[in-house]
Amino acid sequence: MTDIAIPPSPGGYWRGATAFVFAAIAATVGVGVVLRLPVLAQQYGGGAFLFVYVLALGIAAWPLLSAELMLGRLLRQDFAGALYSDIRKRSLTRGWLLLAGLCLMVPLLVVSYYAVIAGWNAAFFIRALSNNLFPLQVDDAAAPFLALAQDAERSMAWHTLMVVASGVIVARGLRGGIEQFSRALMLMALLLVLFLALMAGRGTGLDAAMAIWLTWDWSALGWRGASEAIRQALFSAGIGLGMMLALGAFLPERGRILRLSALTLLGSTLFALVAGSLIVGFVQSAGIAAGGQMPTLFVALVQYAAAQDARWVPAAVYLMMTLLALASMVALMEPLVQFVMGRKRCTRVYAVGVVGTAVWAVGLCTVLTFGSALFSDIGGRSLFGWMQTLSLQWGAPLAILTISLYVGRVWSRAQLSIAMGARLKDYETRRVGRRALSLRFLLVYPARVAAIFTLLYGVGVIDWVVGFWSVAA
């Protein structure tokens, strides 16, 4: 069966490839990628970690991102309804609708706590700009963050502000909202990175930033470092979060998806490497150890500000993080808005109101996790920890695996070529392009293996196997 065709987009199209790439980079780079990448590299061998990370980007993240963009372009805005129709046309089991459910549940959870994190960054930006970031004592650098996070009313106010801001952008649609905001955001983010680089060059921060990647310690990499590199590569591509399905829905029929996905990965990786390394470099240049994402951002950077009596560097970092978090929120809200519009046949503004209310309500779980001891320990995890586990450790890898199976196995090679933008006639169904064959191979083998491994690693099976093997040995 090759009678599939790419339908027109009811929501319009991107002005050009540059507009899409800007929006895709802004959506995928996020807070987690910028800080997590250099922190993981420091922990697992520097350049050795980067080598495995780039390899995973090429053989797993790139084909999966391309497949998700193709799926979004083929099914367009009403993803769940179009997927249901496609499943019925192919006489497949309804179990494939799990993909639609995951691509709605995961972005709802992720955007809800991204709104809280964006609010925290905005609050710290105001405090840094007013030179009111320092704690009473340098050793008590966690005090400003704890005072904010444990104050449920203040956190809820900033959380509400971020939900409203992202909702206004999404409500303006593609051309007037998402596209314009993403372009302006990336230009501002690049200016902020340039400012940070100039400030780092005046001291020892630039040397500390470059030292992260100049170390090649394969012994420090190990199996866990390689596992983290593979998982981070898939997370950095934004796959399984639904947002690339939504952004791909606006791609024109002849858009070169393989090139667009490659440019997206290249741009987001370079931005994360430079921006994240500079932030960690500033912290380490003051003799402060960088920890995880949240400790580095809200504790170590405060220690740096107090030790160096600096406010412009932290202010630039927090502004950049606020903008990046908002860009991710906009992209994560879009698939939810498209779903509500398709199901309810309502206007975009009404759909944004419904989605924004849901995001705000779910985000209260994160606010209450830090603001109330009642939600700090539920089955060994906090409520916020469970939300991260369900969305990023379990939900997203399962969605990635389902996408690789659906596009790599359910679609024939000819259908894959058509989804990529080729126009095949009946007598040409066997003459599919090499790009389609190569993409199918990558989806069926390395990408699927990476997705399965990431899922097993996220649920703890890999750790159990390694621990069992060590005991047995």
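Residues numbered from 1 in each chain as written. Predicted model: local features only at pLDDT ≥ 70, side-chain atom pairs only at ≥ 80, totals over all residues. Heavy atoms only, no water.

A. The nonpolar core, seen in detail. With 162 residues, the main nonpolar core has Trp14, Phe20, Phe49, Phe79, Phe271, Tyr318 and Met320 as its most contacted residues. Apart from the residues within four sequence positions on either side, Phe271 is in contact with Val29, Val34, Met186, Ala189, Leu190, Val193, Gly276, Met320 and Leu324. (Core = buried A, V, L, I, M, F, W, Y, C linked by side-chain atoms within 4.5 Å. Buried < 20%, exposed > 50% of the residue type's maximum accessible area, 1.4 Å probe, protein only. Contact = heavy atoms within 4.5 Å.)

B. Molecular detail of the packing of helix H2 (residues 47–75) against helix H17 (residues 434–459). Interhelical geometry of H2 versus H17 gives an angle of 115° and a closest axis separation of 8 Å. Where H2 crosses over H17, the two elements pack in a sense that is left-handed. Listed contacts from H17 to Ile59, Ala60, Trp62, Pro63, Leu64, Ser66, Ala67 and Met70 of H2 are Leu439, Leu442, Leu443, Pro446, Ala447 and Ala450. Class assignment for the residues of the contact of H2 with H17 results in 13 nonpolar, 1 polar and no charged. (Axes fitted to C-alpha atoms, helices over the stretch in contact; angles between N-to-C directions. Helix = DSSP H or I, 4+ residues; strand = E, 2+ residues; numbered from the N terminus. Left-handed = near helix turned anticlockwise from the far one by under 90°. Nonpolar A, V, L, I, M, F, W, Y, C, P; charged D, E, K, R; others polar.)

C. Just H2, in detail. When the terminal C-alpha atoms of H2 are compared, their 40 Å separation across 29 residues agrees well with the 42 Å that a helix rising 1.5 Å per residue should span. Most pronounced at Leu57, the bend in H2 amounts to some 45°. Among the 29 residues that make up H2, 23 are buried, leaving the element largely enclosed by the rest of the structure. Phi turns positive one or two residues past the end of H2, at Arg76, with a value near 60°. (Expected span 1.5 Å × (residues − 1). Bend = angle between axes of the 7 residues up to and from the residue.)

D. Structural context of the layout of surface pockets. If you add up the space inside the largest pocket, you get close to 650 Å³. What lines the largest pocket is a set of 26 residues, and nearest its centre among them are Arg36, Phe235, Gln293, Gln388 and Leu392. Going through the elements one at a time, helix H1 (17–43), helix H4 (98–129), helix H9 (218–236), helix H12 (293–308) and helix H15 (383–410) are the ones with two or more residues in the lining of the largest pocket. Counting residues per element, the lining of the largest pocket draws most heavily on H15, at 9 residues. Here the residues of the lining of the largest pocket are counted per class, giving 16 nonpolar, 8 polar and 2 charged. (1 Å grid on protein atoms, 1.4 Å probe; cavity = no way out; pocket = protein on both sides within 12 Å on 5 of 7 lines; lining within 4 Å. Points joined across faces, edges and corners; volume = space filled by probe spheres on them.)

E. View of the environment of Arg448. In this fold, Arg448 is placed in helix H17. Placed 81 residues apart in sequence, Arg448 and Val367 show a C-alpha to C-alpha distance of 36 Å. Among residues more than four places away in sequence, those in contact with Arg448 are Leu401, Ser404, Leu405, Arg409, Leu442 and Leu443.

F. Just the environment of Tyr114, in detail. Mapped onto the elements, Tyr114 comes out in helix H4. Remark: the alpha-carbon pair of Tyr114 and Arg435, spanning 321 residues in sequence, is separated by 36 Å.

G. How the structure looks around unusual backbone geometry. At Arg345, a residue that is not glycine, the phi angle is positive and equals roughly 55°. Inspection of the secondary structure puts Arg345 in the loop between helix H13 (312–344) and helix H14 (348–371). On the basis of relative accessible area, Arg345 is assigned to the exposed category, the value being 67%.

H. Representation of empty space enclosed by the protein in the model. What the rule picks out here adds up to 3 cavities of 30 Å³ or more. Considered as a void within the structure, the largest cavity measures approximately 100 Å³ in volume. Every residue lining the largest cavity is counted, 13 residues in all, and those nearest its centre are Gln77, Phe79, Leu245, Pro335 and Gln338. Counting only elements with at least two residues in the lining of the largest cavity, the list comes to helix H3 (79–89), H4, helix H10 (243–248) and H13. Here the element with the most residues in the lining of the largest cavity is H13; it accounts for 3 residues. Its boundaries defined by the atoms lining it, the second largest cavity holds a volume of some 70 Å³. What lines the second largest cavity is Ala27, Thr28, Val29, Gly30, Val33, Val110, Tyr114, Phe235, Leu241, Met243, Ser328 and Leu332. Mapped onto the lining of the second largest cavity, the elements with two or more residues apiece are H1, H4 and H13. Looking at the lining of the second largest cavity element by element, the count peaks at 5 residues for H1. Taken together, the residues that form the lining of the second largest cavity break down as 9 nonpolar, 3 polar and no charged.

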